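Fold and geometry: a report
Spelled out, the chains give:
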Amino acid sequence: MELELGLALPNNHLMKGFDLNDGSTTNSYRKRGFEEAFEKVIPFSSPLPRKTTLPLFVHKNGGDGDDENDGPQLKNPDELNSISGSRALVGWPPVKHPRRRSAGGGAGERWSEDCGSNSYAGGGGRRAKCVKVKMEGVAIGRKVDLCLHDSYEELFHTLNQMFPTMQHGVAYAHPHHRHFTVTYEDGEGDWLLVGDVPWEAFIQSVKRLKILS
Amino acid sequence: MPAGGGWAAMFPDEVWEHVFSFLAADGDRNAVSLVCRGWYHIERRSRRRIFVGNCYAIAPTVAVRRFPNVRVVSIKGKPHFADFNLVPSDWGGHADAWVAAMAEGWPLLEELHLKRMVVTDECLELLARSFKNFRVLALSFCEGVSTAGLAAIAANCRNLRELDLQETVVEENCVHWLSHFPESSTSLVNLSIASLEEDVNIAVLEHLVSRCTNLKTLKLNYAVPLDRLVNLLCRAPQLANLGTGRFTAEYRPELFSKLESAFASCKSMKSLSGICEAVPEYLPAIYPICDGLTSLNLCDAPVNGASLTKLVSRCKNLQRLWVMDVIEDDGLAAVASSCKLLQELRVFPCDPYGADPVSLTEHGLVTVSTGCPMLQSVLYFCRQMTNDALFAVARSSPNLTCFRLCIIDPHTPDYVTLEPLDAGFSAIVESCKDLRRLSVSGLLTNNVFRSIGASADCLEMLSIAFAGDSDAGLHYILSGCKSLRKLEIRDCPFGDKALLANAAKLETMRSLWMSSCFVSLGACRLLAQKMPLLNVEVMDEKKRGGSWDSQPDDCLVEKLYVYRTVAGQRSDTPPCVWTV
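How each quantity is defined
Along each chain, residue indices are assigned from 1 in the same order as the chain's sequence is written. Labels follow written order: the first chain is A, the first ligand is 1, and so on. Owing to the predicted nature of the model, reporting of local features is limited to residues with pLDDT of at least 70; listing and counting of side-chain atom pairs is limited to 80 or more, with chain, interface and lining totals taken over all residues. Values reported for side chains reflect all heavy atoms of the structure, with hydrogen atoms and water molecules removed beforehand. Helix and strand assignments follow DSSP, with helices taken as H or I runs no shorter than four residues and strands as E runs no shorter than two, numbered in order from the N terminus. Radius of gyration here uses only the C-alpha atoms, and the compact-globule reference equals 2.2 Å multiplied by the residue count raised to the power 0.38. Two residues qualify as a contact provided that any one of their heavy atoms is within 4.5 Å of a heavy atom in the partner residue. Method for areas: the Shrake-Rupley scheme with a 1.4 Å probe, in which residue coverage is limited to the protein chains shown. For the purpose of counting charges, residues Lys and Arg are taken to be positive, whereas Asp and Glu are taken to be negative. His and the chain ends are not included. We put the charge of a Lys on NZ, of an Arg on CZ, of an Asp on CG and of a Glu on CD. UniProt positions are given in the numbering used here, feature names are shortened, and annotations may be inferred rather than shown by experiment. The criterion for an aromatic pair is that two Phe, Tyr or Trp rings (for Trp, the six-membered ring) have centres within 6.5 Å, with stacked assigned to planes under 30 degrees apart, edge-to-face to planes over 60 apart and tilted to the rest. Look at NZ for Lys and CZ for Arg. If either is within 6 Å of the ring centre and within 35 degrees of the ring normal, a charge sits over the ring. Residue-level confidence of the predictor is summarised by pLDDT, bounded by 0 at the bottom and 100 at the top. Buried residues are those whose accessible area, probed at 1.4 Å on protein chains only, stays under 20% of the maximum for their type, while exposed residues exceed 50% and partly exposed ones sit between those limits. Exposure above 30% relative accessible area and the absence of a salt bridge qualify a residue for a patch, where like charges join within 9 Å and nonpolar side chains (Val, Leu, Ile, Met, Phe, Trp, Tyr) within 5 Å. A pair is scored as a salt bridge if a Lys or Arg side-chain nitrogen falls within 4 Å of a carboxyl oxygen belonging to Asp or Glu. Paired strands are those between which DSSP finds at least two bridges. Interaxial angles span 0 to 180 degrees and are taken between N-to-C directions of axes, which are lines fitted to C-alpha atoms, for helices over the stretch in contact. Polarity classes work like this: nonpolar for Ala, Val, Leu, Ile, Met, Phe, Trp, Tyr, Cys and Pro, charged for Asp, Glu, Lys and Arg, and polar for all others, with Gly in that last group. Orienting the strands away from the viewer, one traces the path from the first strand over the helix to the second; a clockwise path indicates a right-handed crossover.

**Let's talk about the overall build of chain B**
Helices and strands together make up the secondary structure of chain B, namely 21 helices and 23 strands. Relative to the 2.2 N^0.38 estimate, which gives 25 Å for 580 residues, the radius of gyration of chain B is 25 Å and therefore close to what a compact globule would have. Seen through its C-alpha atoms, chain B measures out along the principal axes to roughly 70 × 65 × 60 Å. Summarising the internal contacts of chain B: among those between residues at least 6 apart in sequence, 71% fall at separations of at least 24. With an accessible surface of roughly 21,200 Å², chain B has 52% of that area assigned to carbon and sulfur atoms. For chain B, the distance from the average position of its 57 positive side-chain charges to the average position of its 65 negative side-chain charges is 8 Å.

Here it is as structure tokens:
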């Protein structure tokens, strides 16, 4: 059974995507259409039907399950070209350096671990603030990147997904109604209830999370 | 000549074994085993080392049965892109089945090298119990063990020579694991614990280092402060490879001079790493060993360029340099004029996401390439590149075996001409006939892949990201690149056609990774159907426990990992992975 897919990329679409400066420069490397490029190399008996074209860029989602049924969406080329300040692409640039330490700290101080979007001691740009999450009774801990969340609701949503058994009886915005208690260790080593301080303050001081039943 | 393979019986088996012992390369031994049944059996019984590039390519029990006398084994698990968090964390790569099979079949095993695998404490405990001659445990980029497991190794492996935890994540629950090395244990040659985050008992460490007089490699973790480093060095002046802990402290002249003397007493030091968060004031303490250094890793030292330059300029015999981009073009110019024996250069970004420009450009790369005639291996992160620079590198360094260029922003063109970097990379592959590993980046069209497919005859591993125009690009690679073993692709407009047209090629390769491309589930199904010796794994982390069978053919696959195997489908796939 031959699989026929239309993967032709229309030229004007491409021009938009690669037009980095002004239109005049794009003429120096005209993209060839799919058939022009590909048919020469592989002799297929039937020409490819020009079906709906798929865009060049694929949208990177934050991790919510809503867009399972959505096709790939066009990403703004500017967004792709300047990573700093925006949500970085997963695993790009491909640096795999291990844990960084905060300079000047004692042996007890810990820099948050990297979730994969590694950051160095230098400032500026996007950081990943990954903290360990351990749930009482669950052997394997997880890591959550707090920088990908803007509020406690989002954090609890992620925690629900990571620890499905937690889902029973969790009300996002009302910590007191939960059957599980989410606590965190702050910079001073104290364990506090998550949700008591404003989100920004929480982000600054949290070192790791623990879920108690 | 007697029939039925009898000619092998002209000599006793021991003679053939002796002959085969001169064949170091696995490829040669594999070839020998195909000659006749007699040689197959002699070879397999005398094979002492095996390398398993993909832990799922063969069932552990089958490997152990075929080669019953193995002493050294090396196994790799997760795909390379796992280092950049592209592979689901529960994908697999479990060492349990291997360790269990080895415990059964290889009681005389001496060395175990695992890379990117999930190892458990139970594995380590089984290891410690099962192999009385066990000498080397090297876990690199692994996870799943805790210090309790390390304690079991320390306590039970009588003749342990090497414990190397390079980049392995260790759960630290047993504070005194180092104390489990018995007093009588003096055999250590390599102790590398740089990846441990927590404090180790330094007094115990000092005592261990003192009694292991053959210790050649010591890589400490961050928790070991500078003043304790002095004590350790004084106890082990015979060290050849040192990884320091944190190299930062308030400047104290007496500490500085002690440190300097300690380094001066290490006459055999060849390799230095660690230097975590070095402060410029202490770097000169390293000067006494600079002349002898062949390898220097400054990736944890985001010190200003001038200090780095002063240090590196003294290392006239350097063969390998790993450094951060804060060294800048000027620093690399100093490297080019001082380090004439340089073979390997890696430059990492200090601040990958920062908008602040660093003065490290394509000029630095060109200067090193021009100035260091023995340059063979390059890994270079930068923010701008030109085709001219790549032409210069191609001309000056035709002996490159590894060229990995990462221009940090995807789709970045030649910043002078605004052209794609096709011509530059094409020049590299055409000039560097021995190129075995290549990573491309920047703005690239299908043209570069045509060149790579046609010219890169020795290329074994190729990494592509945000490049190409269409399937033709992938087709050029798969239909060319005679020696290709590993191909990893992300975010490229490559899809079904090229994959299906080159299905047979995939069986000649170890593995193919494609993520965020245009591969459909239908193509994967077709591929899996046509090629029974391939495992076609599709992954989607949102689909936990959902049914893959009901997904339509035209749905796009987010992550695809195809690898050849004689073990059939694996049984340990997590919910987000489906073997089609």
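**Some thoughts on the UniProt feature "domain: F-box" (unreviewed entry) in chain B**
Sequence positions flagged by UniProt for "domain: F-box" (unreviewed entry) are, in local numbering, residues 11-52 of chain B. End C-alpha to end C-alpha, residues 11-52 of chain B measures 31 Å, and it is 62% helix and 10% strand.

**Overview of the packing of aromatic side chains**
All names here are of chain B. Counted under the stated rule, the structure contains 25 aromatic pairs over all chains. Counting every residue linked through ring pairs, the aromatic cluster contains Tyr56, Phe81, Phe84, Trp91, Trp513, Tyr561 and Tyr563. The ring of Tyr56 is capped by Arg570, whose NZ or CZ atom sits 4.4 Å from the centre of that ring.

**Thoughts on the confidence of the model for chain B**
For chain B, per-residue confidence averages 93 on the pLDDT scale, and residues scoring 70 or more make up 98% of the total. Across the assembled chains, the prediction reports ipTM 0.83 with pTM 0.78.

**Some remarks on the side chain of Thr386(B)**
Its place among the elements puts Thr386(B) in the loop between β15 (377-382) and α15 (387-396). Thr386(B) gets classed as buried once you look at its relative accessible area, which sits at 7%.

**Examining helix α16 (residues 422-431) of chain B**
Three- or four-residue spacings in an α-helix give side chains the same orientation, since the helix completes a turn every 3.6 residues. Of all ten residues making up α16(B), seven are buried, and the element is well covered by its neighbours. Where α16(B) is concerned, the buried positions are Asp422(B), Gly424(B), Phe425(B), Ser426(B), Ala427(B), Ile428(B) and Val429(B).

**Observations concerning a nonpolar patch on the surface**
Residues and elements named next belong to chain B. On the surface, Met10, Phe11, Val15 and Val19 cluster together into a nonpolar patch covering about 350 Å² of accessible area. In this fold, Val19 is placed in helix α1 (residues 13-20). Relative accessible area serves as the criterion here: at 40%, Val19 is assigned to the partly exposed category.

**Looking at the sheet that holds strand β3 (residues 181-185) of chain A**
Pairing between sheet strands relies on hydrogen bonds along the backbone, with the strands arranged either parallel or antiparallel. Residues and elements named next belong to chain A. Spatial ordering of the open sheet is given by β2-β1-β5-β3-β4, a layout of five strands whose pairing is mixed. Edge strands, defined here as strands with exactly one partner in the open sheet, are β2 (142-145) and β4 (191-193). The sheet shows a mean angle of 30° between the axes of neighbouring strands, direction not considered. Relative to strand β5 (residues 208-212), β3 runs antiparallel, the two sharing five bridges. Bridging across to β5, Val182 finds its partner in Ile211.

**A short note on the packing of helix α2 (residues 26-33) of chain B against helix α3 (residues 37-46) of chain B**
All names here are of chain B. Between α2 and α3, the least distance of the axes is 7 Å, while the angle of their chain directions is 145°. Residues Arg29, Val32 and Ser33 of α2 form the contact with α3, whose own contacting residues are Trp39, Tyr40, Glu43 and Ser46. Residue composition of the contact of α2 with α3, grouped by class: three nonpolar, two polar and two charged.

**Re the pairing of strand β18 (residues 461-465) of chain B**
Residue and element names in this part refer to chain B. The buried fraction of β18 amounts to five of the five residues, a majority that puts the element mostly inside the structure. Where burial is concerned, the two faces of β18 agree: the one with Met461, Ser463 and Ala465 and the one with Leu462 and Ile464 are both buried. With three bridges connecting them, strand β17 (residues 437-439) and β18 associate as parallel partners. For Arg437, the partnering residue across the bridge sits in β18 and is Met461. Read as a crossover between parallel neighbours, the route from β17 over helix α17 (residues 446-455) to β18 is right-handed. Of the pairings in the sheet, the one linking β18 to strand β19 (residues 486-490) comprises five bridges and is parallel in character. Note on β19: the bridge partner recorded for Met461 is Lys486. Handedness of the β-α-β unit built from β18, helix α18 (residues 471-479) and β19 comes out right-handed.

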